[in-house]
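Chain residues, written in single-letter form:
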2 protein chains.
Amino acid sequence: MEKLKPRTLSGFMELLPGPQLQMERIMEIIRESYALYGFTPLDTPLIEASEVLLAKGGGETEKQIYRFTKGDTDLSLRFDLTVPLAKYVALHYAELAFPFRRYQIGKVYRGERAQRGRFREFYQADIDVIGDGQLDVTNDAEIPAIIYTVFSRLGLTHFQIRINNRKILNGFYAMIGLTEKSGDIMRAVDKLEKIGADGVRAILTDDLGLTDAQAGEILDFTAISGTNNEVLAALEGYCGRNELFDEGLGELKTVTKHLGGFGVPQENFAVDLTIARGLDYYTGTVYETALLDHPEIGSVCSGGRYDNLAEYYTDRKLPGVGISIGLTRLFYVLGEQGMLNSEAPTAPADALILPMTGDLGAAVALATALRARGLRTQLYTEDKKFKAKMSYADKLGVPFVLFLGEDEINAGVVSCKNMRTGEQEKLSPDDAAERIAAFVAEQRKAPPIIE
Amino acid sequence: MEKLKPRTLSGFMELLPGPQLQMERIMEIIRESYALYGFTPLDTPLIEASEVLLAKGGGETEKQIYRFTKGDTDLSLRFDLTVPLAKYVALHYAELAFPFRRYQIGKVYRGERAQRGRFREFYQADIDVIGDGQLDVTNDAEIPAIIYTVFSRLGLTHFQIRINNRKILNGFYAMIGLTEKSGDIMRAVDKLEKIGADGVRAILTDDLGLTDAQAGEILDFTAISGTNNEVLAALEGYCGRNELFDEGLGELKTVTKHLGGFGVPQENFAVDLTIARGLDYYTGTVYETALLDHPEIGSVCSGGRYDNLAEYYTDRKLPGVGISIGLTRLFYVLGEQGMLNSEAPTAPADALILPMTGDLGAAVALATALRARGLRTQLYTEDKKFKAKMSYADKLGVPFVLFLGEDEINAGVVSCKNMRTGEQEKLSPDDAAERIAAFVAEQRKAPPIIE
C-alpha cells in the first residue's frame, strides 16, 4: 500500500511526551492559581457563528480568522477568549452572579504568517472580572497579586509587574491640549532610548508642530521614574488640571495602596508611565509583566481595565478587568532559553516493573499495590531481552525500576533500582513504595521553570 | 448601536459555572486515573491537513467532517483522537519508547444532524498502548482495571465491564463455514431478545439459507452464558476446530486470569459473547461498559485491540489496545438522569469575604491569609446594600461567608457564617480558616456522580 507522509501543520505546536508533561504542569499551576482567587473555569466552543464572533468586525484580526461554511452556516474558529466571554456573559446574563469571575485556558486560532516562534494554534490563559454596571477598583489591585502568584509558583522570582493607568495618559495629553496627537506623540516618545531627549524634542516640535512648552511638558512627564512613591508624588504635581487625570491617579493610588496587603512584594511591582497597551480597548489600569533577565521575551502577562465587555450584544454596561498569558508562545520561548526545569517530572511513570519470570501474577499484584498508593506505575510485559527492557526504562526516564525474579518473589522482596544514582537494593514492596513516594513528593516540589 | 443577538451554535455544549465545575472534576478524575497506569498526556492539534487526516478515506464519517481551505491549504478538524495518534506515532516514531502509552482528553468534531443529546463538538477521553511489531496480551488484561478505576472513582459501583474477543467470533463463524455471512448472522442474532430463538432460527434458515445444523450451532453458541468460568468452560468445548478460535480463547483466558490481580472485582466484569464492536477495526479483545441501572445509556466506555494503528503512514506494524470515553455525551446523559452529585463543589470559592467597612485593609489581609492556606477565596468589594451582597453569596452557592465589620476588626475576629446550616459564629481568622478547610476536605471526597 502507498504510504502517506505523516506531518503536523506548520504553526501548530505538537510536543513530545517529556515536554508535554512540563506544559501540563505549567497549566496545572496556572489553573490552581486562578482558582485560588475565586475564578471559575469556563469552556466555551472553539467554533462560533461568524456573525457573532465578528460582531465587532474589521481590523487586522479579520484576515487571520479561520472562517468557513458547513452546510448553510458561516462559522469561525475563535481568535481570542474575550469575544466568546462577551457572548457568554450577554447570553447567560440572567443566570450569572456579578461581579462574574471566570478563567479560561483554551486554544485560539490566528492564521498568521508562519515563522519560528509564531503559532497559528495557541493557548491563552485568561482571567476576567466582569461587573454589572460598575466594578470597584479594588479588583484592579487584586490582579497583580494573581500574576505574582502564578509566576512565583511557576518558579520565577526575577520578574516585574508593570502598571499604568490610561486615564493618566489620556488626561495628561488633554491637559496640554494634545488629545488628537496622542498616538503620534507616544510613537515619538517610544524612541527615547534610541535617539535621546533632544531627538524626541525635535520630532515633537518640527514634525508634529508642538510648541516648545508642550514638548517640554511631555519630556518632563516621560522622565518621571523612581520608586512607586516617588512616581506617585511626581504625578501629584499635575493634579487639579484635568478631571480624568485626577481620577486615574486616584485609581493608581488605590491599586498601589493594596498591593502589599494582597501579598505582592515591592520588588515585583513598578508604576511605569511608559506602559500603554491597546489604545482603544483599555480605559483604566493596564498591566504588563517583564522577565527581568530576559527583556527580549517581552511581556509574558498583560491586560487591563475596560468599560464595556459586551457592547455588541447588549445595552448593559459590563465593565471588566482581566489579564491573559500567551501560554504556547511562553512555553516555546522558555524552551529556547533553556528555562524549563529538567528536574521536574517528564516521565510517564514513577516506577517501572520489570518481571523476570514467565508467570506475571506477582508483578501484576505489585503494580496494583503501587497504584493503590497513588504511584504512577507501568508494568512491562513484552517478551524482550534484558538489554531491551533497560533501554526502554532509560528512554522513558523513569526514576525507579523494580525487578521481580524468582528469588525476589520467593523472598517477598523486590530489587529496587534508583535510575538517577544507579543504586540497587532488595526491599519489601512497602519499603520500595515508600522510597518511591518520598522521591515523587520531593520531585513534585521542583518548579517547572528555572531562571 | 444595533445589538446582535448572542447565541451558541446548536450541538455545542456550553455549560454554566456550576455544571462546568462538575465537568472539570470528572475530567480531573479521568486524567489522574489514566496517569496512575503510566499513560502520558498528549495534546495534538485540533486541525490537521485533510490528506493526512483522511488518509483512510471514505466512509460515513467523511460527510460529517469540518473541512475547509485556508490560503492554499486543505484543512480538517479532527473527528476522533485515534487518527491524530496514528499520525503522531508514525511521525515521532524514532523519539518514542514502545510500548507507547498515551492518554488524550480533547474535543473532536462531527457535523452530525443536530438533535437533543447529540453533539457536534464533544470530548473524547482516550487511552491507547501501542506496541512496536508486537504487544503482549497482558496489556489487554490491564485495560478493564483502568476502566474500573475511572468509574469507581467517579462514584459508580453498579457497572459492568463486558469483554469478548473478535478472534473467537471470527473463528467460530469460520469453523461452521460461514465467514462470508457473519455480518448478516450477527444482525439476526441481535434480534434474539425481540423475536426469540425460533424467530432467529427462521431468519437463519429461510432468509440466509443456512442448514439446520448451522443454525443450531449458532443458537447454541449464542446461548452460552453464566459466570466467567462457566462461559470459558463452554467455549473449551469448541477447541481444536479452528486455529483463530483457539488463539482468541487463549487470549480471553489470559485476560480473565489477571483481572483479580489487577484489582477488578468479579461483579464488575463479564465475558459476554454478544459484544462485537466495529467489525473491521478491532481484531482481538473488545470492551464495552454498561451502567446496570441505566441500560438505556448504552456503553459508556468502549474499545479493543487492533493490529495496525498507522498502516496509512508507515510499513511498521504497530498493534495496539485502547478505550475511549465519550465524555460530553456521558456528562449530558448523567445530567438528564439526575446522576450528577449536587453535594460535590459547584461554587467558584470556598469562602466569600464581605467587608463592612470603608477601609478594605483588613479584608484584603484576610483574603491573602486564606489564600495562603490554599482556600479558594473571593473578596467582595462592590459598594452595595447588605441584601445585595447576601444575594450574591446565595447565587454563588459559596459554603462560607466571612463578615468583617468594625467590631470584628477591633476584636481580631471574623463572623463566619456557614451557608448550609445558617450558623454564624465569631472566630479567630485561624479558626475560621481551619473550619473552612475541614469542610472543603470533606466536600472534596464527594464523588461527582451518584447512582
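Everything in this summary refers to the structure shown in the same document.

Definitions and cut-offs
- Residues numbered from 1 in each chain as written.
- Chains lettered and ligands numbered in written order.
- Predicted model: local features only at pLDDT ≥ 70, side-chain atom pairs only at ≥ 80, totals over all residues.
- Contact = placed C-beta atoms within 7 Å.
- Helix = DSSP H or I, 4+ residues; strand = E, 2+ residues; numbered from the N terminus.
- Nonpolar A, V, L, I, M, F, W, Y, C, P; charged D, E, K, R; others polar.
- Pairing = 2+ DSSP bridges.
- Axes fitted to C-alpha atoms, helices over the stretch in contact; angles between N-to-C directions.
- Buried ≥ 20, exposed ≤ 12 C-beta atoms within 10 Å, placed from the backbone.

Where interface size is quoted, it is often the accessible area lost as the parts come together. Taken together, the contact between chain A and chain B spans 76 residues of the former and 76 residues of the latter. The dominant element in the side of chain A that touches chain B, judged by the number of residues it contributes, is helix H1 (residues 17-36) of chain A, at six residues. Considered class by class, the residues forming the side of chain A that touches chain B number 37 nonpolar, 18 polar and 21 charged.

Right, let's talk about the sheet that holds strand S3 (residues 67-70) of chain B for a bit. Residue and element names in this part refer to chain B. Spatially, the three strands line up as an open sheet ordered S2-S4-S3, and their pairing is antiparallel. Looking at which strands have only one partner, the edges of the open sheet turn out to be strand S2 (47-49) and S3. Strand-to-strand twist across the sheet, computed as the mean angle between neighbouring axes with direction ignored, equals 40 degrees. Of the pairings in the sheet, the one linking S3 to strand S4 (residues 73-77) comprises four bridges and is antiparallel in character. Bridge pairing links Arg67 to Ser76 in S4.

Before going further, it helps to spend a moment on unusual backbone geometry. Note that the residue after A:Phe98, namely A:Pro99, is joined by a cis bond; omega there is 0 degrees. Within the secondary structure, A:Pro99 is located in the loop between helix H4 (82-91) and strand S5 (100-109).

Right, let's talk about the pairing of strand S10 (residues 302-306) of chain B for a bit. Residue and element names in this part refer to chain B. Among the five residues in S10, five count as buried, and that is most of the element. Relative to S10, strand S9 (residues 285-291) runs antiparallel, the two sharing two bridges. Counted as the bridge partner of Val286 is Gly304 from S10. Pairing between S10 and strand S11 (residues 320-326): five bridges, direction antiparallel. Of the residues in S11, the one forming a bridge with Gly304 is Gly322.

In short, geometric facts, not functional conclusions.
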